[in-house]
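Here is how the chains run, residue by residue.
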Amino acid sequence: MKDSSVLWYKKPAEYWVQALPIGNGTLGGMIYGGVAQEKIALNHDELWTGHPKDTTRPGAAEAFKKAREMALDGKLKEAQNLIESDFQSTWSQAYMPLGDLIIDFDGDKYKNYRRSLDLNEAISYVDYEQGTKKIHREIFASNPDKVIAMRMTCDNGKFSMNVSLKCELRNTVSADGNMIIMSGEAPSENNKGNESSQWHYLENDNERGMLFTSALKIDSDGEVSANGGSLKVSNATNVTIWFSAETSFNGWNKNAYTDGKPHREPCLERLAQELCYEDVKAKHLEDYKSLYNRVELDLGTSNKDDVPTNKRLRIFQRTKRDLGLYTLLFNFGRYLAISSSRPGTQPSTLQGIWNDKYCPPWHSNYTVNINTEMNYWPVLMCDMVEVNLPLIEMLKDLSVAGEKTAKVHYGFNGFTSHHNVDIWRLSTPVGGSAVWAFWPMSSGWLCEHIFAHYEYTKDIDFLKDTAYPIMKKAAEFYIDYLIEDKNGYLIAAPSTSPENEFLYNGEDCAVSQTSTMTMSIIRELFENCIKACDILDADKEFADVLKGKLDKMLPFKVGSKGQLLEWYDEYKEPEPHHRHCSMLYGLHPAHLITVEDTPELANACRRSLEIRGDDGTGWSLGWKINFWARLRDGNHALKLLERQLRLKKSGKVLYNRGGGTYENLFDAHPPFQIDGNFGAVSGVCEMLLDSVDDKIYLLPALPRKWKNGHIKGLLAKGGIKVDIEWENCALKSYSLAGTGTAHVIYKGKDTVHELDGNKITVKA
């Protein structure tokens with residue numbers, strides 16, 4: 001149905017968050033669909049500021065030890081001050097725009113305009129009429145051919161245009177024949193004088209930034225000629241633009257200027273080929289659909305396919321009635337995942353691969369205290385295992401880069417990483433307040449993703465050769481981190497709860513003896529390591545060490561309001577409705593707390609969410625959808641999804657107005673952050689399916705509004721493909737395909753299936 005698979009609008013985009021995204025994992029484009037001028041804002045996943053450098057801070061381990069003693073002695077603010085003055089390091093580098101492809105046309109009047117993005121095809125279209133002429137454009141980013149392709153045709157006439165490439169980074173542009181070539185260099189440093197987002201160029205070869213080449217070629221039945229640094233096309237009925245780009249990035253620990261990979265030659269060789277548009281398009285469709293078509297969601301339709309997407313969002317704010325809009329947001333999130341993360345690319349950043357700002361918010365980096373992880377929550381559930389691989393590759397790098405951080409900053413074994421990562425695999429704590437900077441827990445959280453990769457794929461070689469060695473190294477760091485508290489419990493001291501504070505002796509304070517999230521991540525990692533040892537039948541001595549630690553670790557605590565405590569003790573909070581709900585990590589993404597097995601703790605999580613409230617930034621709303629789904633409350637989960645669909649103004653960023661959705665369905669943090677899009681997809685999956693070990697919960701949080709529907713192709717742990725159909729809010733049938741034992745649970749009833757690889761269908 002088009003109302004759940006097509007975004008469309010009646011006029012060109014005026015702002016970037018109205019433009020439509022395309023991507024192949026490496027190249028990203030934002031299409032404005034202009035008539036007098038078309039602009040495609042371009043990105044390349046490797047184009048970052050900076051170069052490899054040692055960001056560890058000598059003497060930091062001694063400061064940490066003193067801060068630990070202070071925290072254990074109750075001197076929490078003093079511990080925080082010491083951490084901020086003597087422990088932290090420098091900021092991350094920034095993800096840069098590649099520039100803009102600009103097309104100036106000969107005419108600005110139009111009628112019957114429509115621009116659209118078809119999620120079934122991953123192709124964007126622009127159609128309009130100028131007098132008797134009918135103009136048609138289609139644009140897509142091909143993963144097989146590593147190009148952005150744009151085809152323009154004109155019926156009942158001809159058109160002319162001027163094509164150019166623009167970029168604010170250091171560059172040179174030349175045009176010759178039917179090609180434009182831009183050669184450029186990224187800034188050497190994004191933090192001049194350790195001031196965040198003050199980028200500049202250095203001239204020492206060992207400190208220079210990465211190089212890049214971007215180029216386009218035009219095929220046309222019109223006349224093509226060079227016009228300075230641009231190309232002019234005259235009297236054409238059809239034009240095809242091929243765009244590609246490469247950088248000199250050659251790995252996180254290699255200087256991209258002095259030891260970079262070739263970038264100009266591969267880019268130009270790619271465009272030198274005889275490219276047939278229909279062949280490239282056919283390969284693109286086959287490649288994209290092989291991922292996108294694995295899952296199908298149908299929640300019914302409200303017959304809104306003839307209503308522009310921006311108008312649908314406005315109507316939805318009043319009525320909350322548009323079944324297809326939920327599915328459209330779900331499908332759009334899957335589209336963004338496929339478009340921004342592919343084998344061999346970098347992981348998706350705070351903005352996926354789409355960023356138009358040369359000083360982007362939060363450097364458009366990998367913020368790994370929730371945001372990057374959220375980007376990958378729906379990937380395995382939606383059976384896109386390949387899309388998960390870039391995150392795994394980044395963790396492999398961090399497990400090496402973070403060894404020195406563990407040693408220099410803590411004096412510990414293993415490896416660690418903090419809340420910001422960049423393409424150079426920054427693992428040290430950044431500058432500024434400890435409320436965000438002092439958080440050595442991302443290594444543990446990311447290990448949850450690599451163990452989940454095994455759980456969903458059952459790839460024993462991956463577990464043995466990749467996942468477990470990294471998990472063990474992370475666990476070794478946390479073994480050293482644990483220390484006995486005054487009651488004999490093991491705690492990770494000192495610790496923070498990401499970006500939140502409490503009142504201590506009348507002051508805002510972030511550093512506590514420990515925090516619930518910290519202990520939850522460590523507990524989950526230790527338990528997963530023990531499971532891995534059992535599966536591999538190896539490393540029993542290490543498993544025994546972890547079991548001994550688990551027996552002595554601080555348990556969850558419940559506060560005076562019935563809430564799950566966030567810190568070591570119960571404190572007043574200066575911001576009780578804070579966007580982070582980090583103390584609930586054990587509920588989601590972990591399964592340390594469940595309604596079925598730990599109902600008292602689940603109720604404490606529910607109380608914590610009630611105290612936090614239902615509002616929040618875009619990604620915060622996304623996380624809350626997942627929390628309420630895990631609490632088996634589908635109606636409340638849907639309430640949060642509907643809040644996330646609040647239409648936000650495109651022209652002005654209002655940081656304090658809460659999250660929502662821009663006209664192009666991008667998540668409004670605000671500003672744009674892609675994590676909310678992915679959190680919404682994950683939340684929808686969690687409402688319809690939850691899997692723990694060999695248990696598969698069907699429709700655990702089905703909202704009343706989703707009366708009839710089906711979902712096909714979800715992946716449960718154990719590598720089991722699941723189809724579910726429901727009618728009148730009750731299970732109608734389900735199908736399973738996989739191997740091994742599966743416990744299917746619906747409304748408390750456990751049905752055991754022994755699967756042999758063939759698909760089985762069961763009527764309810």
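From a predicted model like this one, the values you see are computed outputs, not experimental measurements.

Thresholds applied
Note on numbering: residues in each chain are counted from 1, in written sequence order. Totals for whole chains, interfaces and linings use every residue, but because this is a predicted model, local features are given only for residues with pLDDT of at least 70 and side-chain atom pairs only at 80 or more, for both listing and counting. The basis for every side-chain value is the complete set of heavy atoms in the structure, and neither hydrogens nor water enter the calculation. The helix and strand labels rest on DSSP assignments: H or I over at least four residues marks a helix, E over at least two residues marks a strand, and numbering proceeds from the N terminus. We call two residues in contact whenever any of their non-hydrogen atoms come within 4.5 Å of each other. Two strands pair if DSSP finds at least two bridges between them. Only the stretch in contact is used when fitting a helix axis, every axis being a line fitted to C-alpha atoms; angles between N-to-C directions are given from 0 to 180 degrees. Disulfide: a pair of cysteine sulfur atoms within 2.5 Å of each other. Burial classes follow relative accessibility: with a 1.4 Å probe on protein chains only, a residue under 20% of its type's maximum area counts as buried, one over 50% as exposed, and anything between as partly exposed. Cavity means a closed set of points on a 1 Å grid over the protein atoms alone, one where a 1.4 Å probe fits but cannot get out, pocket means an open set with protein on both sides within 12 Å along at least 5 of 7 lines, and lining means a residue has an atom within 4 Å of a point. Grid points are joined across faces, edges and corners, and a volume is the space filled by probe spheres set on the points. Put simply, Ala, Val, Leu, Ile, Met, Phe, Trp, Tyr, Cys and Pro go in the nonpolar bin, Asp, Glu, Lys and Arg in the charged bin, and everything else, Gly too, in the polar bin. Left-handed describes a crossing whose near helix is turned anticlockwise from the far helix by less than a right angle; the clockwise case is right-handed. Each pair of aromatic rings taken from Phe, Tyr and Trp, with Trp reduced to its six-membered ring, is defined by centres within 6.5 Å and is described as stacked if the planes are under 30 degrees apart, edge-to-face if over 60, and tilted in the remaining cases. Either the NZ atom of lysine or the CZ atom of arginine qualifies as a charge over a ring when it sits within 6 Å of the ring centre and within 35 degrees of the ring normal. Expected span of a helix: the number of residues minus one, times 1.5 Å. Any angle that falls under 35 degrees is termed roughly parallel, while one over 145 is termed roughly antiparallel, one within 65 to 115 roughly perpendicular, and all others oblique.

J.: With reference to specific residues and values, describe the side chain of Ser89.
T.: Considering the arrangement of structural elements, one finds Ser89 in the loop between α2 (76-86) and β5 (99-105). Ignoring anything within four residues of it in the chain, the contact list for Ser89 reads Thr55, Asn194, Thr428, Pro429, Val430 and Gly431.

J.: Explain the sheet that holds strand β8 (residues 133-142) to me, using residue names and the numbers behind them.
T.: Here we have nine strands laid out as an open sheet, ordered β1-β6-β7-β8-β9-β16-β13-β12-β11, and antiparallel in their pairing. Each end of this open sheet is capped by a strand with a single partner; those strands are β1 (6-9) and β11 (170-176). Strand-to-strand twist across the sheet, computed as the mean angle between neighbouring axes with direction ignored, equals 15 degrees. Bridge count between β8 and strand β9 (residues 147-155): nine bridges; the pairing is antiparallel. Within the sheet, the bridge partner assigned to Ala141 lies in β9 and is Ile148. Its contacts with the sheet put helix α3 (residues 264-272) on β9, β12 (179-185), β13 (211-220) and β16 (238-247), and the angle it makes with β16 is roughly 160 degrees.

J.: Describe the state of the cysteines, with residues and values.
T.: With the rule as written, the count across this model stands at zero disulfides. Cysteine Cys447 is unpaired, with the sulfur of Cys529 as its nearest cysteine sulfur at 7.0 Å. Residue classification places Cys447 among the buried positions, given a relative accessible area of 1%.

J.: I'd like a rundown of empty space enclosed by the protein, residues and numbers included.
T.: On inspection of all chains with the given rule, the structure shows four cavities of 30 Å³ or more. Empty space within the largest cavity amounts to approximately 250 Å³. Looking at the lining of the largest cavity, the elements that each hand over two or more residues are α8 (377-381), α11 (442-457), α18 (675-688) and β26 (689-692). Sorting elements by how many residues they give to the lining of the largest cavity places α11 first, with four residues. Classifying every residue of the lining of the largest cavity by side-chain character gives nine nonpolar, five polar and five charged. Empty space within the second largest cavity amounts to approximately 120 Å³.

J.: Could you give an account of the sheet that holds strand β17 (residues 296-298), naming the residues involved and the relevant values?
T.: Strand pairing in a sheet takes place through backbone hydrogen bonds and is either antiparallel or parallel in direction. Within the open sheet, the five strands sit side by side as β17-β28-β29-β30-β33. Their pairing is antiparallel. Edge positions in the open sheet fall to β17 and β33 (760-763), since each of these has one partner strand only. Strand-to-strand, the axes of this sheet are offset by a mean angle of 20 degrees, without reference to chain direction. Sheet topology note: the strand β30 (residues 730-737)/β33 ladder contains four bridges and is antiparallel. Its bridge partner lying in β33, Leu736 is registered against Ile760.

J.: Give me the lowdown on the packing of helix α15 (residues 599-612) against helix α16 (residues 618-630), citing residues and values where you can.
T.: Running from amino to carboxyl end, α15 crosses α16 at an angle of 145 degrees, the nearest separation of the two axes being 11 Å. When you trace α15 past α16, the crossing you get is left-handed. On the side of α15, the interface is formed by Arg606, Leu609, Glu610 and Arg612, while α16 contributes Lys624, Phe627 and Trp628.

J.: Outline the packing of aromatic side chains, supporting the account with residue identities and numerical values.
T.: On inspection of all chains with the given rule, the structure shows 42 aromatic pairs. Taken together, the aromatic side chains of Trp16, Tyr288, Tyr292, Phe332, Tyr335, Trp354, Phe666 and Phe672 make up a single cluster linked through ring pairs. Over the aromatic face of Tyr201 sits the side chain of Arg170, whose NZ or CZ is 4.2 Å from the ring centroid. One Lys or Arg, Lys557, reaches over the ring of Tyr568 and ends 4.2 Å from the middle of that ring.

J.: Describe in detail α16, supporting the description with residues and values.
T.: Over its 13 residues, α16 extends 19 Å from the first C-alpha to the last, a length consistent with the 18 Å expected when each residue adds 1.5 Å. Extensive coverage of α16 is indicated by the burial of 13 of its 13 residues. Residue Arg632 follows α16 closely and has a positive phi angle near 65 degrees.

J.: Tell me about the pairing of β16, and please be specific about residues and values.
T.: Of all 10 residues making up β16, nine are buried, and the element is well covered by its neighbours. Sheet analysis places β9 next to β16, joined by six bridges and oriented antiparallel. Along β16, the bridge assignment pairs Met152 with Val239.

J.: Describe in detail the packing of α16 against helix α17 (residues 634-644), supporting the description with residues and values.
T.: For any two helices packed against each other, the geometry is given by the interaxial angle and the distance between the axes. In contact at an axis separation of 8 Å, α16 and α17 are set at 165 degrees when each is read in the N-to-C sense. Relative to α17, α16 is oriented roughly antiparallel. With respect to the hand of their crossing, α16 and α17 are arranged in left-handed fashion. Judged by residue contacts, Gly618, Leu621, Gly622, Lys624, Ile625, Trp628 and Ala629 of α16 engage His636, Ala637, Leu640, Leu641, Arg643 and Gln644 from α17. Residue composition of the contact of α16 with α17, by class: seven nonpolar, four polar and two charged.

J.: Summarise unusual backbone geometry; cite the residues concerned and give the values.
T.: Following Ala493, the chain continues to Pro494 via a peptide bond in cis, the omega torsion being -10 degrees. Among the structural elements, Pro494 can be located in the loop between β21 (490-492) and β22 (502-504). Between His669 and Pro670 the backbone carries a cis peptide bond, its omega angle lying at -15 degrees. With respect to the helices and strands, Pro670 occurs in the loop between β25 (667-668) and α18. Although it is not a glycine, Glu499 sits at a positive phi angle of roughly 65 degrees. Relative to the elements of secondary structure, Glu499 occurs in the loop between β21 and β22. Even without a glycine there, the phi angle at Asp693 is positive, about 55 degrees.

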